[in-house]
Amino acid sequence: MKQIIIHAGFHPEVKREYKGEHIYKVINTRTGGESREFHSGAVTSGSGRYFGLDNGAWIKEVGPEKYQTDWTDEERWGRVEEVETDDEGNVLSSETLGFMILRVDRRNGLL
């Protein structure tokens, strides 16, 4: 069975469900100014990595599964992954699809 999982380290207590939100594809990554082409599954944990999205924006990894835009810490993102499991729930394969913005209500100060 395939399912889409959203990794959102800023709010681990809330299990986000994918409801058809737009997934921004990663087209480039960089660390310390070094750039290379992205290939599916290349996301690893740790700080200091940047991901160039297909909309021209860059997001940075600031902790385990914690992502935000490189120009403000108000905009937080989640990593979207497609996971295939067997009937017992064991993971057979996984693929990073990209990132989606975790919608915020800035007018009411909710992040």
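Scope of this entry: the structure provided in the associated data block. Bear in mind the structure is a predicted one, so any value in this text is a computation, not a measurement.

About the criteria used
- Residues numbered from 1 in each chain as written.
- Predicted model: local features only at pLDDT ≥ 70, side-chain atom pairs only at ≥ 80, totals over all residues.
- Heavy atoms only, no water.
- Pairing = 2+ DSSP bridges.
- Helix = DSSP H or I, 4+ residues; strand = E, 2+ residues; numbered from the N terminus.
- Core = buried A, V, L, I, M, F, W, Y, C linked by side-chain atoms within 4.5 Å.
- Buried < 20%, exposed > 50% of the residue type's maximum accessible area, 1.4 Å probe, protein only.
- Salt bridge = Lys/Arg side-chain N within 4 Å of Asp/Glu carboxyl O.

1. A look at the pairing of strand β6 (residues 66–69)
- Here strand β5 (residues 58–63) runs beside β6; their pairing, made up of four bridges, is antiparallel. Across the sheet, residue Lys-60 finds its bridge partner in β6, namely Gln-68.
- Between the end of β5 and the start of β6, which pair antiparallel, lie two residues, with Glu-65 showing a positive phi angle near 55°.
- Sheet topology places β6 next to strand β7 (residues 76–85); two bridges connect them, and they run antiparallel. Looking at the pairing, Tyr-67 lines up with Trp-77 of β7.

2. Considerations on the nonpolar core
- With nine residues, the main nonpolar core is built from Tyr-24, Val-26, Phe-51, Leu-53, Ile-59, Tyr-67, Trp-77, Phe-99 and Ile-101.
- Looking at this core, the elements that each hand over two or more residues are β4 (49–53) and β8 (91–101).
- If you look at the next biggest cluster of nonpolar residues, it comprises seven residues, including Ile-6, Ala-8, Ile-23 and Leu-102.

3. Remarks on the pattern of salt bridges
- Per the counting criterion, the structure on display carries two salt bridges.
- For Glu-65, the salt bridge goes to Arg-79, with nearest N and O atoms at 2.6 Å. With Glu-65 in the loop between β5 and β6 and Arg-79 in strand β7, this pair connects stretches of sequence that are 14 residues apart.
- For Glu-65, a relative accessible area of 22% gives the class partly exposed.
- Arg-79 sits in the buried class, given a relative accessible area of 8%.
- Where Arg-79 meets Glu-81, a salt bridge forms, and the shortest distance between an N and an O atom there is 3.7 Å.
- Assessed through its relative accessible area of 11%, Glu-81 is described here as buried.

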